[in-house]
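# Structural features, examined
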Amino acid sequence: MAADPLRRCVGQLSRLPGIGQRTATRLAYWLLNQPDDVARDIGEALSELHDTAVRCEICHDVAATSPCHRCANPQRDHRVLCVVERPQDIGAIERTGTFEGRYHVLGGALAPLDGVGPEQLNIRSLLRRLSDQPVEEVLVATDPDVEGDATALYLARLVRPSGVRVTRLAHGVSVGTELEFADKSSVARALENRREI
Amino acid sequence: MRLVSLEVADWRNVASAQLDTNARFVVLHGDNAQGKTNLLEAVWTLSNLRSFRESRYQRLIRHECDSVQIDGMVVGESGRRRLRWARSAASRTMQIDGQNVRQLRDWFAVLRAVLFCPEHGAIIRGGPVERRSFVDRAAFTTRPAHLDVVRQYARVLRHKAALLRSRKGGRVQVESWNSQLALLGGQLAARRAAALCDLSEPFVEAHRAIAGPRSGVATLRMRGLGRAAPGERLDPAVVTAQFIEKLSTGLDDEIRQARCLVGPHRDDLVVDLDGHPARNFASQGQARSLVLALKLAELEAARRQGLAPLFLLDDLTSELDRSRMVRLMEVLADLKNQVWLTTTDPRWLGPLPGGDVVSYKVAAGRVEPLSEPPE
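Quick caveat: nothing in here was measured; it's all calculated off a predicted structure. (Residues numbered from 1 in each chain as written. Chains lettered and ligands numbered in written order. Predicted model: local features only at pLDDT ≥ 70, side-chain atom pairs only at ≥ 80, totals over all residues. Heavy atoms only, no water.)

### Observations concerning the packing of helix α7 (residues 146-159) of chain A against helix α6 (residues 171-211) of chain B
- The geometry of α7 of chain A relative to α6 of chain B is characterised by a closest axis approach of 8 Å and an angle of 130 degrees between their N-to-C directions. On the basis of the axis angle, α7 of chain A is oblique to α6 of chain B. The two elements α7 of chain A and α6 of chain B meet at a crossing, and its hand is right-handed. Counting all contacts with α7 of chain A, which are made through Val146, Glu147, Asp149, Ala150, Leu153, Tyr154, Arg157 and Leu158 of chain A, the residues of α6 of chain B involved are Val172, Gln173, Glu175, Ser176, Trp177, Ser179 and Gln180 of chain B. (Axes fitted to C-alpha atoms, helices over the stretch in contact; angles between N-to-C directions. Helix = DSSP H or I, 4+ residues; strand = E, 2+ residues; numbered from the N terminus. Parallel < 35°, antiparallel > 145°, perpendicular 65-115°, else oblique. Left-handed = near helix turned anticlockwise from the far one by under 90°. Contact = heavy atoms within 4.5 Å.)

### Side note on the pairing of strand β1 (residues 2-11) of chain B
Residues and elements named next belong to chain B.
- Strand direction decides the pairing type here: β1 and strand β4 (residues 67-76), joined by seven bridges, are antiparallel. Its bridge partner lying in β4, valine 8 is registered against isoleucine 70.
- Strand direction decides the pairing type here: β1 and strand β2 (residues 14-20), joined by six bridges, are antiparallel. Bridge pairing links leucine 6 to leucine 19 in β2.
- Hairpin connection from β1 to β2: two residues lie between these consecutive antiparallel strands, with arginine 12 at a positive phi of about 50 degrees. (Pairing = 2+ DSSP bridges.)

### Describing the interface of chain B and chain A
- Listed as interface residues are 18 residues of chain B and, on the opposing side, 16 residues of chain A.
- Area buried by chain B at its contact with chain A is led by His159, Gln173 and Gln180 of chain B, which between them contribute 29% of it.
- At the boundary of chain B and chain A, one finds two salt bridges.
- Two residues, arginine 155 of chain B and glutamate 147 of chain A, come together in a salt bridge whose shortest N-O distance is 2.6 Å. (Buried area = accessible area lost by both parts, 1.4 Å probe. Salt bridge = Lys/Arg side-chain N within 4 Å of Asp/Glu carboxyl O.)

These figures capture arrangement, not role.
Here's what the structure looks like:
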């Protein structure tokens, strides 16, 4: 018996995180009511994802080529290396348009409770880059939680002996937030990270 | 603050109950295993977002039901606020005036409570875990931000313990967790010391009032990394520095034994009676007086911060003898807090101070008001 195409579509869509049965049904009917090239374009993009997306052999970002366009770009500053937990964190920093250095994706943060140690992260390749390239500063942009902080401290201990400067992304009150509305931990971080003017 | 009404649905053995509780004293009475403590537990759960007897929410839901709900109207510093707490397999709800709560501190700003129940005898006679959690709870009652520090410290500690157990973490890895542990541990110890400063004097007075003048002088001190002279506040940076020192001397031992050996998670609250640790010799009756004095001190410390948590007392009948009971009532008469009491025998409580009382009878999960205070 052939599967009901709509039900199959709803079933597959509801496998996505954050998508329940109801949203999946709405999306399926929406697709059905669009010109057929909309669903085809989406489907093609999805089915090619695993075949075309690769991990950059240098920075471990998700890209179309390896090395990725950022690692291959001679204009980017070799001297500063920004270390992030996930590929999507690169997007957050790139959108600011103020960082000209290069990136390194760790693939997570140290979390012994979940069995994540240095071997599970891209740390060996990071150290190799530091010895191969003229890096002067490692900017650690891991998350501001206990795992991200521990990872930053660990990297600092590993990297500092080689004479490379290690910095941590500052955390604090976000721009556009009035102090009285900022949450307590952000204000506490901002107080810790205060600087002279 | 005062909880002026309470409504529960499918909570424990109570299918549904509506209580009008706009009084200084709320008395729940009934025989054992009828549901009176369940109602007190509902008030505690509403104020703390967790039960004092059960960690799995499924057990809080009435047999063969899917969800549980507690509603309460609080009149307090910020006027009238309606709280709703609900749990089911699919969802958890926390609403203030119909709006979902995003920050727990918003919730705790509306309703807080201090609990005294028979199991709390363990604070005096049990292990250090119970005493540390009393100090942490008291610190939280006056300063809810303490909860964040406790949780973060516990999380770092669990990571470090897992790392040591795995025996795969070299010194550099352990030291990375130690740096954070030291920072958070310094804050934790300093906050506990501050809480102890707030509790110490009210504790001495409350104990004298409950146990009577001839029963000795009771005092509090911390033992371990966070120890401090009476009335001394600790500087978190100083404790952190001491902690770092201890961690680095103990590093090899910790790696060898695969255990976290130093830190404020091993500190203990020592309750002394006439200069000797009460844990070693206090009788059942002395222990109860001491626990009650700790709870009253917690209320007084909160009062000095401008807060008036509810005071929930479970099963007083079995807990206190006549003379302690009379003295407790005198102390309660001087408080401003709303007091909730459960008892098997309301006559035993005697007339409550001020006469501003509502009483409910609980039988087989059904709750009925008593118009006349029982003789």
